[in-house]
Amino acid sequence: MASRPTGRTAALSLQLARAHQDLRRRLADLRAGLGRPRRPDGHDDPLLAHCLAFCTALTHHHQGEDTGLFAQLLRERPDLAPTIGKLVEDHGFITHILTRVRDLAEQAATAATAAADLEAVGRELDGLAAIMDSHFAYEERAIGAALDAGAGDDGWSEAVLRFRAP
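Residues numbered from 1 in each chain as written. Predicted model: local features only at pLDDT ≥ 70, side-chain atom pairs only at ≥ 80, totals over all residues. Heavy atoms only, no water.

Draft legend 1. Looking closely at the environment of Leu104. Relative to the helices and strands, Leu104 is located in helix H3 (residues 81-110). Under the relative-accessibility criterion, Leu104 is labelled buried at 3%. Through-space distance from the C-alpha of Leu104 to that of Cys51 is 10.0 Å; in sequence the pair is 53 residues apart. Every residue in contact with Leu104, bar those within four places of it in the chain, is listed here: Asp117, Ala120, Val121 and Glu124. (Helix = DSSP H or I, 4+ residues; strand = E, 2+ residues; numbered from the N terminus. Buried < 20%, exposed > 50% of the residue type's maximum accessible area, 1.4 Å probe, protein only. Contact = heavy atoms within 4.5 Å.)

This is the structure in structure tokens:
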């Protein structure tokens, strides 16, 4: 965090960091679950269900940032345009990886022998974890001060800060 917490706006930067930590935990849980055995009947595959829940949570978080939080910050702090542009660009890269993860998880859920598919999912998740860590750390440093300085919340916080249970 860039500054001492004071009031609701400072709480937003802290809540953003907590939301990022929750997404990191969800990804770690997903990665840890790659070795779990599949159900013999193929229904309700835990990898696929967990993957889709995680991918949906991260996608909603980033959409909420792009259309809500970042739009609000740009109105209040146009000087942040280059930083926000970089963050939105990162979201595009992450979306590409999430699409690949979803596709691979679906393959693994339907394949007779899924070991190679699971390895591919694991590699994608490893790459995603590295990008997420870097992205989240940069985002918290780059916009935390703006949140602490009094950025408004025109309703964006619900999508950005709160997730449904996995």
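Draft legend 2. Region of the structure containing the pattern of salt bridges. Within this structure, the stated rule accounts for ten salt bridges. The closest approach of N and O atoms between Asp90 and Lys86, which form a salt bridge, is 2.6 Å. Of this pair, Asp90 and Lys86 both sit in helix H3, four residues apart, which is roughly one turn of the helix. Since its relative accessible area comes to 35%, Lys86 is described here as partly exposed. Among the salt bridges present, the one from Arg100 reaches Glu124, with a minimum N-O distance of 3.8 Å. Here the residue Arg100 occupies a position in helix H3, and Glu124 occupies one in helix H4 (residues 115-148), the gap between them amounting to 24 residues. Residue classification places Arg100 among the partly exposed positions, given a relative accessible area of 39%. (Salt bridge = Lys/Arg side-chain N within 4 Å of Asp/Glu carboxyl O.)

Draft legend 3. Just the packing of helix H2 (residues 46-76) against H3, in detail. Where H2 contacts H3, the axes come no closer than 10 Å and their chain directions differ by 165°. Taken together, the axes of H2 and H3 are roughly antiparallel relative to one another. Judged by the twist between their axes, the crossing of H2 over H3 is left-handed. A breakdown of the residues in the contact of H2 with H3 according to their chemical character gives 20 nonpolar, four polar and four charged. (Axes fitted to C-alpha atoms, helices over the stretch in contact; angles between N-to-C directions. Parallel < 35°, antiparallel > 145°, perpendicular 65-115°, else oblique. Left-handed = near helix turned anticlockwise from the far one by under 90°. Nonpolar A, V, L, I, M, F, W, Y, C, P; charged D, E, K, R; others polar.)

Draft legend 4. Local environment of the nonpolar core. In this structure, Phe54, Leu58 and Leu128 are the most contacted members of the largest nonpolar core, which totals 43 residues. Of all the secondary-structure elements, those providing two or more residues to this core are helix H1 (7-32), H2, H3, H4 and helix H5 (157-161). Non-local contacts of Phe54, meaning those with residues more than four positions away in its chain, are made with Leu23, Arg26, Leu27, Leu30, Leu98, Leu128 and Met132. (Core = buried A, V, L, I, M, F, W, Y, C linked by side-chain atoms within 4.5 Å.)

Draft legend 5. The side chain of Gln72, seen in detail. Its location among the elements puts Gln72 in helix H2. A distance of 2.8 Å separates a polar atom in the side chain of Gln72 from a polar atom in the side chain of Arg75. Non-local contacts of Gln72, meaning those with residues more than four positions away in its chain, are made with Gly152, Asp154 and Trp156. (Polar contact = N/O pair within 3.5 Å; in protein donor to acceptor, adjacent residues only side chain to side chain.)

Draft legend 6. Structural context of the environment of Asp90. Residue Asp90 is classed as buried on the basis of its relative accessible area, which comes to 9%. As a C-alpha pair, Asp90 and Ser134 span 44 residues in sequence and 9.8 Å in three-dimensional space. Within the local environment of Asp90, its side chain forms a polar contact with the side chain of His135, the two groups lying 2.9 Å apart.

Draft legend 7. Broad picture of H2. Relative to the 45 Å expected for 31 residues at 1.5 Å per residue, H2 spans 43 Å between its end C-alpha atoms, a close match to the ideal helical length. If you look at H2, its biggest bend is around 45°, right at Glu65. (Expected span 1.5 Å × (residues − 1). Bend = angle between axes of the 7 residues up to and from the residue.)

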